[in-house]
Amino acid sequence: MKKQIRSNIEKMTNTKIENIGQVNDFIEGCMFELKLNFHPDTPFSDYVGRYDVTTFSKAEQEVLENSLQECFKVCGNNNVDIYGICLELHSRNLKHDENDETHQRKKTRKKL
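Residues numbered from 1 in each chain as written. Predicted model: local features only at pLDDT ≥ 70, side-chain atom pairs only at ≥ 80, totals over all residues. Heavy atoms only, no water.

K.L.:
Before we move on, could you go through the environment of Arg92 and cite the residues and values that matter?
P.N.:
Secondary-structure assignment places Arg92 in helix α4 (residues 82–99). You can call Arg92 partly exposed: its relative accessible area is 44%. A polar contact of 3.4 Å, which involves the side chain of Arg92, links it to the side chain of Glu28. (Helix = DSSP H or I, 4+ residues; strand = E, 2+ residues; numbered from the N terminus. Buried < 20%, exposed > 50% of the residue type's maximum accessible area, 1.4 Å probe, protein only. Polar contact = N/O pair within 3.5 Å; in protein donor to acceptor, adjacent residues only side chain to side chain.)

K.L.:
Talk me through the pattern of salt bridges; I want residue IDs and the actual numbers.
P.N.:
As enumerated under the stated definition, the model contains two salt bridges in all. Of the charged contacts, one joins Arg92 and Glu28 as a salt bridge, the two residues approaching to 3.4 Å between their closest N and O atoms. Placement of Arg92 in helix α4 and of Glu28 in helix α2 (residues 20–33) is noted, with a sequence separation of 64 residues between them. (Salt bridge = Lys/Arg side-chain N within 4 Å of Asp/Glu carboxyl O.)

Listed below in structure tokens is the structure:
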């Protein structure tokens, strides 16, 4: 698992973030590749797993934080709300979950 996370981090941070599309890609990567309940104000050092073990090494935290700061800068320069991007991606993910067969079965059971 750690190896896959490192690979995903490298893929997400190997280029400088210079446009809104790249901001979107980075945030999607945090949510879906790294499987974080991502919020742009949460430091990467705050993501912990079982037994309060940090999810990312210090080096990984630094690389991810630097990329996130680039995202904030690009959004600021383009008058785009980074929180809106996150909300849109979370909403899209929730809509996807609502269409998931497992979710539909749970909803049906609640009605019974």
